[in-house]
Amino acid sequence: MQFQRGFVSRLYPDSGQEVLLRQGIGVCRLVDNVGLKQRRDHDRKLERSSGGKLNDVAQARKLTALRREFA
């Protein structure tokens, strides 16, 4: 039997830090949603044609290319 241990930390950012934290979290959410959409769309197209799936390395390359398009 394995036990999982977690730690909880409380942050008290000032208003400027809070803005930066929210922006950072928003960017992470955007990248995650784009990645999920890529995988869903790619899987649908590829499954119809060949039955394959998008692997992590190929998706990472696509996300890196997409990151270059946005500042």
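Located above this text is the structure these notes cover.
Here's a quick rundown of the structure.

Rules and cut-offs
Residues numbered from 1 in each chain as written. Predicted model: local features only at pLDDT ≥ 70, side-chain atom pairs only at ≥ 80, totals over all residues. Heavy atoms only, no water. Helix = DSSP H or I, 4+ residues; strand = E, 2+ residues; numbered from the N terminus. Buried < 20%, exposed > 50% of the residue type's maximum accessible area, 1.4 Å probe, protein only. Contact = heavy atoms within 4.5 Å. Salt bridge = Lys/Arg side-chain N within 4 Å of Asp/Glu carboxyl O.

Looking only at helices and strands, one finds two helices and zero strands in the protein chain. For the protein chain, the residues scored as buried account for 7% of the 71 residues in total.

Here we take up the environment of Pro13. Structurally, Pro13 is set in the segment before helix H1 (15–49). Discounting residues that sit within four places of it in the chain, Pro13 has contacts with Glu18 and Leu21.

Attention now goes to the pattern of salt bridges. In total, this model carries two salt bridges according to the counting rule given. Taking the shortest distance from any N to any O, the salt bridge between Asp41 and Lys37 comes out at 2.7 Å. On the criterion of helical spacing, the pair formed by Asp41 and Lys37 is a turn pair, its members being four residues apart in helix H1. Residue Lys37 is classed as partly exposed on the basis of its relative accessible area, which comes to 44%.

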